[in-house]
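Below are the chains, spelled out letter by letter.
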Amino acid sequence: MDKATVEQVWRNDKDHLLHPFAEFPRFAEAGSRIFDRAEGVHVFGSDGKAYLDGIGGLWCVNIGYGRPEMAKAIADQALQLPYYNTFTDMTSPPAANLAAKLAELAPGDVNHVFFTCSGSASNDTAVRLAQYYFNRQGKTSKTRIIARENAYHGSTYLAASLTGIRPNHDGFHTLLDGDDPLIHHAAEPNMYRRPDGMPEDQYCDFLMADLEALIEKVGADNIACFIAEPIIGAGGVKVAPTGYHARAKAICERNDILYISDEVVTSFGRLGHFFASKAVFDVVPDIIATAKGISSGYVPLGATLFSDKIFEVISSPDIGGKPFSHGFTYSGHPVACAAALKNIEIIESESICEHVQEVGPYLEAQLETFLDLPIVGDVRGSHLMMALEFVSDKAEKSSFGLDVAIGKRIATHAYQNGLIARNVGDYIILSPPLILDRENIDTLISTLRGAIEATMTDLTNENIWQLS
Ligand SMILES: Cc1ncc(COP(=O)(O)O)c(C=O)c1O
């Protein structure tokens, strides 16, 4: 783009575009960074500079950028049938074929699919489906939802309320408010900050006891579902203790509570499998919410997958043919479904899950070397879903505090040196395209280490922190 065009875009954006999670004072000063091209694992700024995309767009560009096959699949479908609705009894080949393909890839008896346009809407759909399932059985009080502290489930009214990242609720009304809230949050699994000296298995017991106590308090007769990300993502990439999900599922089963797995981030290869629930965590959920990697972000698409057990109830003749009154204009959008089918074909034909199984542990091992740096408190995650937590004192695990904006400082240095990393509070989060290779990982590691070291120098020079 020439200089005048760049300036016009920058001005249009600054004057008219309200950004998701906008930070107003900084934005008022600096406006936006413009990206106008991408290829493979790199995005290019409007100044032509290449950045290694350490965050895969936003946990989503799994197959990487610039795939001509994707562009062709999207264009071909737009010419063939750009849109038709899937309400009641209408369909299109991409919608039907993608539903069948997802049923094949999903674990256990998860054989039914409802299409949405985002992760938030997939979670909304999951919860509405759970409530509907119990309502149709006459269990009308089973409406409440158990989510978890620091979970991220999206930004619609319902998904934002499911979200347990408290600062996200600031200034908004949520479904947590009132005397008899719809949503309750159980403790998050946080291995790094678990009670001092507590072994992993005891910590798991502790979390299960917390979950059971909450179910007891709210009353199993009042609860429709429990929702959990296999690994908490935006809330700091928190891996639960071994056995956590299988035990939580067993508790749900004992209490007639549906288990929803929010696999918006973890599905389509990020942990080395199409779905992580069963393959990694040994759980067949009742409902799986997905989005992002389903189309590698080339077009918006989400899906809520659910079990035969749920389908049998909601479609039962006993219900008297009552309709399932839930749907979006763009549910099963033919172009989005065609893109997802091509995306899945690429993941399969290029063995991308196997590639992640190979490079994932390499990224983990390389990041773990950062533990020699005095401000790196924790390195965690799995495969291509990783985070670093920064602390001012390792022994005390003390936070730098919001004012220091440690994550932002490190992300800024990384960006100046050609790496996009995501800062959230005291964390740096990494979720690169799944096609990155060892050489890309080496570049990512050296750039990020340099950024952390440069930040330590800044903090020392500004008298904020000293090496003790
Ligand atoms: C685990 C999880 N669930 C749901 C969402 C919401 O997805 P979307 O932004 O597509 O609505 C996200 C987004 O990052 C997510 O990480």
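Attention here is on the structure that accompanies the text. Computed from a predicted model, the values in this text were never measured in an experiment. Per-chain numbering applies: the sequence of each chain, read as written, is numbered from 1 onward. Local features in this predicted model are restricted to residues whose pLDDT is 70 or higher, and side-chain atom pairs enter the listing and the counts only when it is 80 or higher, whereas totals over whole chains, interfaces and linings include all residues. Think of the side-chain values as coming from all heavy atoms in the structure, minus any hydrogens and water.

## Some words on the pairing of strand E6 (residues 183-186)
- Judged by which residues are buried, E6 turns out to be covered on both faces: Ile183 and His185 on one side and His184 and Ala186 on the other are all buried.
- For two strands to pair, DSSP has to find at least two bridges joining them. Runs of H or I in DSSP of at least four residues are treated as helices and runs of E of at least two as strands, each being numbered from the N terminus. As paired strands, strand E5 (residues 144-148) and E6 are joined by four bridges and run parallel to one another. When the sheet's bridge partners are listed, isoleucine 145 is paired in E6 with isoleucine 183.
- Here, the term right-handed applies to a crossover whose path from the first strand over the helix to the second runs clockwise when the strands point away from the viewer. Remark: the E5/helix H7 (residues 157-162)/E6 crossover connection has right-handed handedness. Three labels apply to residues, based on accessible area from a 1.4 Å probe with only protein chains included: buried if under 20% of the type maximum, exposed if over 50%, partly exposed otherwise in between.

## Notes on the site of the ligand
- Throughout, near means a residue has at least one heavy atom within 4 Å of the molecule or strand. The environment of the ligand is made up of Ser118, Gly119, Ser120, Asn123, Tyr152, His153, Gly154, Glu229, Asp262, Val264, Val265 and Lys292.
- Counting of polar contacts relies on pairs of N or O atoms within 3.5 Å, with two restrictions inside protein: one atom must be capable of donating a hydrogen and the other of accepting it, and residues adjacent in sequence are counted only when both atoms are side-chain atoms. Glycine 119 places a polar main-chain atom, nitrogen or oxygen, 2.9 Å from an oxygen atom of the ligand.
- A distance of 2.7 Å separates a nitrogen atom of the ligand from a polar side-chain atom of aspartate 262.
- A total of 390 Å² of accessible area belongs to the ligand in isolation, and the protein chains cover 84% of it.
- The biggest single contributor to the shell around the ligand is helix H6 (residues 119-135), with three residues. What sets the accessible areas is the Shrake-Rupley method with a 1.4 Å probe; for residues, cover comes only from the shown protein chains.

## Looking at the packing of helix H13 (residues 352-368) against helix H15 (residues 438-461)
- Helix axes are fitted only over the stretch in contact, all axes being lines through C-alpha atoms; the angle between N-to-C directions runs from 0 to 180 degrees. Two numbers describe how H13 lies on H15: the axes approach to 10 Å, and their chain directions differ by 20 degrees. Taken together, the axes of H13 and H15 lie roughly parallel to each other. Seen along the crossing, H13 lies across H15 with a hand that is right-handed. In this structure, H13 contributes Glu358, Val359, Tyr362, Leu363, Gln366 and Leu367 to the contact, and H15 contributes Arg438, Ile441, Asp442, Leu444, Ile445 and Leu448.
- Of the residues contributing to the contact of H13 with H15, the split by class is eight nonpolar, one polar and three charged. When an angle is under 35 degrees it counts as roughly parallel; over 145 it counts as roughly antiparallel; between 65 and 115 it counts as roughly perpendicular; any other value is oblique. Note on convention: the crossing is left-handed when the near helix lies turned anticlockwise from the far helix by less than a right angle, right-handed when the turn is clockwise. Whether two residues are in contact is decided by their heavy atoms, any of which lying within 4.5 Å being enough. Put simply, Ala, Val, Leu, Ile, Met, Phe, Trp, Tyr, Cys and Pro go in the nonpolar bin, Asp, Glu, Lys and Arg in the charged bin, and everything else, Gly too, in the polar bin.

## Considerations on the pairing of strand E3 (residues 50-53)
- Bridge count between strand E2 (residues 42-45) and E3: three bridges; the pairing is antiparallel. Paired with phenylalanine 44 across the bridge in E3 is alanine 50.
- If you look at the hairpin formed by E2 and E3, you'll find four residues sitting between the two strands, and glycine 48 has a positive phi there, around 90 degrees.
- Pairing of E3 with strand E15 (residues 419-420), which is carried by two bridges, proceeds in the parallel orientation. Opposite leucine 52, over in E15, you have leucine 419 as the bridge partner.

## Notes on the packing of helix H5 (residues 93-105) against helix H12 (residues 334-349)
- At a minimum axis separation of 8 Å, H5 and H12 run at an interaxial angle of 40 degrees. In terms of orientation, H5 lies oblique with respect to H12. The two elements H5 and H12 cross, and the hand of that crossing is left-handed. On H12, the residues touching Pro94, Ala95, Asn97, Leu98, Lys101, Leu102 and Leu105 of H5 are Pro334, Cys337, Ala338, Ala340, Leu341, Ile344 and Glu348.
- Of the residues that constitute the contact of H5 with H12, the class distribution is 11 nonpolar, one polar and two charged.

## Quick word on the nonpolar core
- By convention a nonpolar core is built from buried Ala, Val, Leu, Ile, Met, Phe, Trp, Tyr and Cys residues, the set being connected through side-chain atoms within 4.5 Å. In this structure, Leu102, Leu367, Phe390, Leu448 and Ile452 are the most contacted members of the largest nonpolar core, which totals 67 residues.
- Apart from the residues within four sequence positions on either side, leucine 367 is in contact with Val379, Met386, Leu388, Leu430, Ile445 and Leu448.

## Let's talk about the pattern of salt bridges
- Throughout this description, the term salt bridge denotes a Lys or Arg side-chain nitrogen within 4 Å of a carboxyl oxygen of Asp or Glu. In this structure the tally under the stated criterion is 25 salt bridges.
- Aspartate 180 is paired through a salt bridge with arginine 144; the nearest N and O atoms lie 2.7 Å apart. Of this pair, aspartate 180 sits in the loop between H7 and E6 while arginine 144 is found in strand E5, placing the two residues 36 residues apart along the sequence.
- By relative accessible area, which is 54% here, aspartate 180 ends up exposed.
- Between lysine 238 and glutamate 188 there is a salt bridge; the shortest N-O distance is 3.0 Å. Of this pair, lysine 238 sits in strand E9 (residues 238-239) while glutamate 188 sits in the loop between E6 and helix H8 (200-218), placing them 50 residues apart in sequence. Grouping residues by exposure puts lysine 238 and glutamate 188 together as buried.
- Where salt bridges share partners, they join Arg193, Asp378, Arg380 and Glu389 into one cluster.

## Focus on the sheet that holds strand E4 (residues 110-116)
- Spatially, the seven strands line up as an open sheet ordered E4-E12-E11-E10-E7-E5-E6, and their pairing is mixed. The two strands at the open ends of the sheet, each matched to only one other strand, are E4 and E6. With strand direction ignored, the average angle separating the axes of adjacent strands in the sheet is 20 degrees.
- The pairing of E5 with strand E7 (residues 223-228) spans three bridges and is classified as parallel. By the bridge assignment for E7, arginine 144 is matched with isoleucine 223.

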